[in-house]
Amino acid sequence: MSALMKLVILVPCCFFLVALIKFLYNYLWTPLRIQHMMNSQGIKGPPYRFIHGNNNQVTRMKVEASTKPMSLTRHDIFPRVQPHVHSWLNTYGKNYLSWNGVQAELVISEPELVREVLKNSKKAFLKPKPTLLGSKLLGKGLVMVEGENWVKQRKLANFAFHGQSLKQNMIPEVVASVETMLERWKGQEEKEMEVYQEFRLLTAEVISRTAFGSSYLEGEKIFTMLDKLSILVIRDIFKTRIPFISKLWKTADLVESEQLQKGIQDCVMEIIMKREDKDLVDECKTFYLAGQGNVNSLLGWTVLLLSIHGDWQEKARREVFEMFGNQNPHPEGIAKLKTMSMIMNETLRLYGPSNGLYRRVGREVQLEKLVLPANIHLVALNIALHNDPQLWGDDVHLFKPERFAQGIAKATNHNAAAFFPFGLGTRSCVGMTFATTEAKIALSMILQRYTMTLSPAYVHKPVLLITYKPQHGIQVIFEALHKDA
Ligand code: HEM
């Protein structure tokens with residue numbers, strides 16, 4: 001054989017060998033090493049399976065859980081919406097290691113560890129790098145960025161959401177948006193209404209007016225495309241990525257997501273052209289995605305709970321009339337709505353939209369009781385803590401807003417990690433006051449006009465689709481308090 005021939009055979013063989021070693025290193029050696037390292041520190045979990053991790057088990061458990069019926073007397077949604085997590089927490093303890101494909105995920109629900117991670121001041125924990133589809137959804141918006149960029153964007157967002165700006169610019173827009181919704185409801189009394197969709201329109205209108213400076217109609221195309229893109233991203237989370245192949249050919253979802261990303265970019269640019277600032281595209285998307293769905297969820301579940309707990313509905317209404325009479329809500333009164341705050345906190349505890357706070361370990365880090373390897377992901381699970389009977393008592397699954405009568409600190413025994421619907425530490429929600437203000441205004445204006453009861457048509461099926469959503473909406477029957485409502 002000539003030297004040239006030998007070279008022609010040897011070079012591809014070497015490439016193949018190197019690729020094989022790299023593949024086995026990433027997909028076998030590294031996961032097994034991490035698993036061993038965590039096991040030796042007392043952290044157990046479902047074993048790593050080659051390439052797929054635990055994804056097949058997760059899909060199977062989710063399908064199984066979704067067929068089980070749910071009652072409305074106990075609000076125990078955790079085993080239904082995150083059955084794998086619920087089951088593994090019970091089997092392996094409050095902190096366990098699982099595998100999303102080849103990615104190690106340390107799920108944490110021990111309050112001390114959650115606090116240590118989320119309040120870490122040494123920049124040991126970063127936001128996870130988005131998947132290819134995820135990056136199309138959130139781009140370089142505030143939720144995703146790190147370092148200098150985050151400091152800069154967060155300062156601007158804090159300013160946009162601070163007290164005076166909220167009072168002068170946002171509250172009037174929220175009131176006007178709720179008025180538009182209530183105008184639509186006229187003549188619908190005593191008929192069944194699907195409020196989740198109603199609140200989708202309302203929250204989108206509010207974000208359009210406050211973030212885009214336009215109306216819902218103008219933003220409608222953008223919202224529809226963002227919703228479609230979110231569904232693709234969620235569908236992608238537990239899909240196993242086959243090495244090499246995913247780099248060679250684009251899936252149908254990826255092609256569609258690229259088209260959607262381009263469509264959204266063009267539409268948002270059209271609206272904000274006057275401001276000549278391309279960075280705003282990602283920020284507008286972020287506020288819509290972070291803001292709209294979460295407030296939609298909070299409003300929907302609060303109305304459901306008030307519709308089945310007439311006593312709390314009556315208490316809330318009394319407070320609203322004492323504060324505002326028949327007038328529209330004003331900033332000073334909104335801040336003093338104590339019963340309403342208690343009801344919203346209890347709703348956020350039982351049906352809070354956040355399905356876990358994700359972090360990535362930058363470099364290997366030494367915590368008080370654990371050493372964590374680089375690049376492992378952490379998931380601080382608020383749903384687990386919010387449903388923990390050790391923290392909340394045996395009545396943990398009951399709707400009891402009176403828990404919050406003396407404030408959050410008293411309800412949680414001064415344990416910050418027992419209740420964090422808006423996150424914890426520096427990356428906590430920048431839109432919290434805006435969100436709660438918007439929800440209080442909408443609920444006050446509804447309570448001033450209507451009593452509400454749950455329709456017999458409603459079926460209780462919460463599902464996880466970025467936030468926890470009612471699978472078939474929330475059907476409520478409204479009755480006018482006054483004839484001219
Ligand atoms: C009930 C409503 C809401 C809930 C429950 C909620 C929850 C959260 C949570 C848990 C985080 C922390 C995520 C993490 O640490 O990884 C967060 C962050 C964030 N939220 Fe909200 N949110 C709500 C409404 C809003 C609204 C209305 C906006 C804006 C219009 C908003 C904008 C943001 C942004 C930009 C971040 C990222 C902050 C940063 O990384 O510095 N949220 N939210």
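Residues numbered from 1 in each chain as written. Predicted model: local features only at pLDDT ≥ 70, side-chain atom pairs only at ≥ 80, totals over all residues.

Examining the site of the ligand
Then comes step 1: The full set close to the ligand counts 25 residues, and G291, N294, G423, C429 and G431 are the nearest of them.
Then comes step 2: For the shell around the ligand, the secondary-structure elements that each account for two or more residues are helix 7 (147-160), helix 13 (280-308) and helix 20 (432-447).
Then comes step 3: It is helix 13 that contributes the most residues to the shell around the ligand, seven residues altogether.
Then comes step 4: Its residues assigned to classes, the shell around the ligand shows 15 nonpolar, eight polar and two charged. (Near = placed C-beta within 6 Å. Helix = DSSP H or I, 4+ residues; strand = E, 2+ residues; numbered from the N terminus. Nonpolar A, V, L, I, M, F, W, Y, C, P; charged D, E, K, R; others polar.)

Examining the sheet that holds strand 5 (residues 357-361)
Then comes step 1: On the basis of which strands lie adjacent, the open sheet formed by five strands has the order 1-2-8-5-3 and mixed pairing. Here the strands that pair on one side only, and so sit at the sheet edges, are strand 1 (95-100) and strand 3 (125-126).
Then comes step 2: Bridge count between strand 3 and strand 5: two bridges; the pairing is antiparallel. Residue pairing in the sheet places L126 in a bridge with R360 of strand 5. (Pairing = 2+ DSSP bridges.)

What to know about the environment of Y48
Then comes step 1: Relative to the assigned elements, Y48 resides in the loop between helix 1 (3-39) and helix 2 (55-66).
Then comes step 2: Each C-alpha atom of the pair Y48 and H330 lies 55 Å from the other, and the pair is 282 residues apart in sequence.
Then comes step 3: With sequence-adjacent residues up to four places away left out, Y48 is seen in contact with P31, L32, Q35, G53 and W99. (Contact = placed C-beta atoms within 7 Å.)

A short note on the UniProt feature "transmembrane region" (unreviewed entry) in the protein chain
Then comes step 1: In this structure's numbering, the residues bearing the UniProt feature "transmembrane region" (unreviewed entry) are residues 7-29.
Then comes step 2: Secondary structure over residues 7-29 splits into 100% helix and 0% strand, and the C-alpha atoms at its two ends are 31 Å apart. (UniProt positions renumbered as here; feature names shortened; annotations may be inferred.)

As for the packing of helix 8 (residues 163-185) against helix 20
Then comes step 1: Where helix 8 meets helix 20, the closest approach of the two axes is 10 Å, and the angle between their N-to-C directions is 40°. Our pair here, helix 8 against helix 20, has a crossing hand that is right-handed. In this structure, helix 8 uses L166, M170, I171, V174, V175, V178 and L182 to contact helix 20, whose residues at the interface are T433, F434, T437, E438, I441, A442 and M445. (Axes fitted to C-alpha atoms, helices over the stretch in contact; angles between N-to-C directions. Left-handed = near helix turned anticlockwise from the far one by under 90°.)

As for the environment of V58
Then comes step 1: Along the chain, the position of V58 falls in helix 2.
Then comes step 2: The buried category is assigned to V58, around which 22 C-beta atoms lie within 10 Å.
Then comes step 3: In this structure the C-alpha to C-alpha distance between V58 and E270, which are 212 residues apart in sequence, comes to 41 Å. (Buried ≥ 20, exposed ≤ 12 C-beta atoms within 10 Å, placed from the backbone.)

Topic: the pairing of strand 2 (residues 103-108)
Then comes step 1: Most of strand 2 is tucked away: five of the six residues are buried.
Then comes step 2: Where strand 1 and strand 2 come together, six bridges link them in antiparallel fashion. The residue of strand 2 that forms the bridge with Y96 is V107.
Then comes step 3: Remark: two residues form the turn of the hairpin made by strand 1 and strand 2, two consecutive strands paired antiparallel; G101 in that turn has positive phi of roughly 65°.

What to know about the pairing of strand 11 (residues 467-470)
Then comes step 1: What you see with strand 11 is no split at all: T467 and K469 on one side and Y468 and P470 on the other are buried throughout.
Then comes step 2: Turn length for the strand 10 (residues 462-465)-strand 11 hairpin, with the two strands adjacent in sequence and antiparallel, is one residue, and the turn residue I466 shows positive phi of about 70°.

Some points on helix 1
Then comes step 1: Across its 37 residues, helix 1 extends 51 Å between first and last C-alpha, which sits within 8% of the 54 Å expected from 1.5 Å per residue.
Then comes step 2: In the structure, helix 1 departs most strongly from a straight axis at Y25, where the bend amounts to approximately 40°.
Then comes step 3: A small share of helix 1 lies buried, amounting to three of its 37 residues.
Then comes step 4: Those residues of helix 1 lying buried are P31, I34 and M38. (Expected span 1.5 Å × (residues − 1). Bend = angle between axes of the 7 residues up to and from the residue.)

Focus: the sheet that holds strand 12 (residues 475-480)
Then comes step 1: Here three strands make up an open sheet; going across it, the order is 4-12-9 and the pairing antiparallel. What marks the edges here is a single partner per strand, and that holds for strand 4 (192-194) and strand 9 (450-454). With strand direction ignored, the average angle separating the axes of adjacent strands in the sheet is 40°.
Then comes step 2: Sheet analysis places strand 9 next to strand 12, joined by five bridges and oriented antiparallel. Bridge pairing in strand 12 links M452 to F478.

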